[in-house]
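# Descriptive structure summary
These are the residues of each chain, in order.
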Amino acid sequence: MPEPDSAYGRHGSAPRRLKPAPLLFEPAAAASDEAHFFDLESIEDPRELLSRSTELALAFRAATDRAMEFQAMAAAQLADPRRFDRLTPAVIAERAEWTEDYAKKMVEFGRELMRGGEVLD
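These numbers come from a predicted model, not from an experiment.

## Comments concerning the overall build of the protein
Summing up its helical and strand segments, the protein has four helices and zero strands in all. For the protein, the N- to C-terminal ordering of α and β elements is α-α-α-α. The burial tally for the protein puts 31% of its 121 residues in the buried class. Nonlocal contacts in the protein, meaning residues at least 24 apart in sequence, comprise 58% of its contacts between residues at least 6 apart. Of the roughly 8,400 Å² of accessible surface on the protein, 57% is carried by carbon and sulfur atoms.

## Thoughts on unusual backbone geometry
Positive phi, close to 50°, is recorded for phenylalanine 38, a residue that is not glycine. The phi angle at glutamate 97 is positive, at roughly 60°, despite the residue not being glycine. Secondary-structure assignment places glutamate 97 in the loop between helix H3 (89-96) and helix H4 (100-115).

## Notes on the packing of H3 against H4
One can describe the packing of H3 onto H4 by two numbers: an axis separation of 8 Å at closest approach and a directional angle of 100°. The angle between H3 and H4 falls in the class roughly perpendicular. Contacts between H3 and H4 pair Pro89, Ala90, Ile92 and Ala93 from the former with Glu100, Ala103, Lys104 and Val107 from the latter. Grouping the constituent residues of the contact of H3 with H4 by class yields six nonpolar, no polar and two charged.

## Comments concerning the environment of alanine 79
As for its placement among the helices and strands, alanine 79 is situated in the loop between helix H2 (46-78) and H3. A C-alpha to C-alpha distance of 8.0 Å links alanine 79 and isoleucine 92, two positions 13 residues apart in sequence. In contact with alanine 79, other than residues within four places in its own chain, are Arg86, Leu87, Ile92, Val107 and Arg111.

Rules and cut-offs
- Residues numbered from 1 in each chain as written.
- Predicted model: local features only at pLDDT ≥ 70, side-chain atom pairs only at ≥ 80, totals over all residues.
- Heavy atoms only, no water.
- Helix = DSSP H or I, 4+ residues; strand = E, 2+ residues; numbered from the N terminus.
- Buried < 20%, exposed > 50% of the residue type's maximum accessible area, 1.4 Å probe, protein only.
- Contact = heavy atoms within 4.5 Å.
- Areas by Shrake-Rupley, 256 points an atom, 1.4 Å probe, with all protein chains shown as cover.
- Axes fitted to C-alpha atoms, helices over the stretch in contact; angles between N-to-C directions.
- Parallel < 35°, antiparallel > 145°, perpendicular 65-115°, else oblique.
- Nonpolar A, V, L, I, M, F, W, Y, C, P; charged D, E, K, R; others polar.

Right, here's the structure in full:
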């Protein structure tokens, strides 16, 4: 699992935002076919295949980074000591299938995001 601050650049630079490739809808029938993946199998030109598959890889990385930021913010909210129903890092870890140490890091990362602070590598 990537580090909680992987969406941010080195040495305090601004957050990295990649322009994601359009993720075209995968019809249910195509999604169930393991050989079918965003129509890449139909691209015969290796240059075009490399270009489109690279776009998809970058889009998925950007989506992963963004989803991780939302995970961190949710973890921070769930661990907020002002909540009467707050959760411990151990419970958050269990729910998210993380280790307890990772849950603690994610809670702190989420707090930084919600404060609008910059998270450094």
